[in-house]
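Chain by chain, the residues run as shown.
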Amino acid sequence: MAKNWYILHTYTGYEKKIERTIRTRLETKEIDPSVVTEIRVPEEELVEVKDGKQRTKKNKFLPGYIMVEMDLPELDWKKTCTALRRIQGVTGFVGTNPSERPRPISVDEAKTLLQKAGAIKGEKPVHIKQSFAVGDTVKITDGPFATFSGTVDEVNAEKDKLRVVVQIFGRATPVEVSLSQVEKM
């Protein structure tokens, strides 16, 4: 037997409640803790900038799904899977019928999801929720160019950066700033 990650489909908005229910049933041994070893609701940190203030919140990037790491036995797998499926709000395992043995996701898929959720050691990714378009007028609120205003020349969403054209000594100068350093005007 080897540990694999499985995706459990749930009602949207019930992910945390179902996670708590599974953890409770693991503590009371209704579900075998040697089989179900880890439970994760895939979330990422999201930074919102409103009125010049940064607010951090958790955002589910797979609403309606829970990742479950299991060391599923070959013969007695139905007992654990049935116990998980019978939790109120769970609709089943992704990609299988209730009478079939669930199929795990690939190691690469699991690694990608866990990295996005910040569960794997390293820098936890933080995404900034703000939409900018070329031509938008923005005010720089932080950094060496704080209090300058300009227009967005380029948006780099992967790096959370903007190139803003500001007026310095009467000349149009492109400046690269982070999304957290600007706000729309």
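The structure contained in this document is the topic of the report that follows.

## Some words on the nonpolar core
Logical step 1: Formed by 20 residues in total, the largest nonpolar core has its most connected members in Ile22, Val36, Met70 and Leu84.
Logical step 2: Listing elements by their share of this core, those giving two or more residues are β1 (4-10), α1 (15-27), β2 (36-40), β5 (65-70), α2 (77-85) and β6 (90-93).
Logical step 3: When near neighbours in sequence (up to four residues on either side) are disregarded, leucine 84 contacts Ile22, Ile31, Val36, Met70, Val90 and Phe93.
Logical step 4: Grouped together as the second largest cluster of nonpolar side chains are twelve residues, Val152, Val166, Ile168 and Val182 included.

## What to know about the pattern of salt bridges
Logical step 1: In total, this model carries eleven salt bridges according to the counting rule given.
Logical step 2: Across the salt bridge formed by glutamate 43 and lysine 16, the nearest N and O atoms sit 3.5 Å from each other. Of this pair, glutamate 43 sits in strand β3 (residues 43-50) while lysine 16 sits in helix α1, placing them 27 residues apart in sequence.
Logical step 3: Among the residues examined, glutamate 43 registers a relative accessible area of 14% and is labelled buried.
Logical step 4: A salt bridge links glutamate 154 to arginine 163, with the shortest nitrogen-to-oxygen separation between them at 2.9 Å.
Logical step 5: Judged by its relative accessible area of 36%, glutamate 154 is partly exposed.
Logical step 6: What you see here is one network of salt bridges that share partners, running through Lys16, Glu19, Arg23 and Glu43.

## Focus on the sheet that holds β1
Logical step 1: Strand order in the open sheet formed by four strands is β2-β5-β1-β6, and the pairing between neighbours is antiparallel. Each of the sheet's edge strands pairs with one partner strand only, and the pair in question is β2 and β6. Between one strand axis and the next, the sheet turns by 30° as a mean value, whatever way the strands run.
Logical step 2: Pairing of β1 with β6, which is carried by three bridges, proceeds in the antiparallel orientation. Considered in β6, the bridge of threonine 10 is made with valine 90.
Logical step 3: Docked against the sheet, α2 engages β2, β5 and β6, running at close to 150° with respect to β6.

## Digging into the pairing of β5
Logical step 1: Of all six residues making up β5, five are buried, and the element is well covered by its neighbours.
Logical step 2: Pairing geometry for β1 and β5, over six bridges, is antiparallel. The residue bridging leucine 8 from the neighbouring strand is isoleucine 66, located in β5.
Logical step 3: Note: β2 against β5, four bridges, orientation antiparallel. Following the sheet pairing, valine 36 is matched in β5 by methionine 70.

What counts, and where the lines are drawn
Residues numbered from 1 in each chain as written. Predicted model: local features only at pLDDT ≥ 70, side-chain atom pairs only at ≥ 80, totals over all residues. Heavy atoms only, no water. Core = buried A, V, L, I, M, F, W, Y, C linked by side-chain atoms within 4.5 Å. Buried < 20%, exposed > 50% of the residue type's maximum accessible area, 1.4 Å probe, protein only. Helix = DSSP H or I, 4+ residues; strand = E, 2+ residues; numbered from the N terminus. Contact = heavy atoms within 4.5 Å. Salt bridge = Lys/Arg side-chain N within 4 Å of Asp/Glu carboxyl O. Pairing = 2+ DSSP bridges. Axes fitted to C-alpha atoms, helices over the stretch in contact; angles between N-to-C directions.

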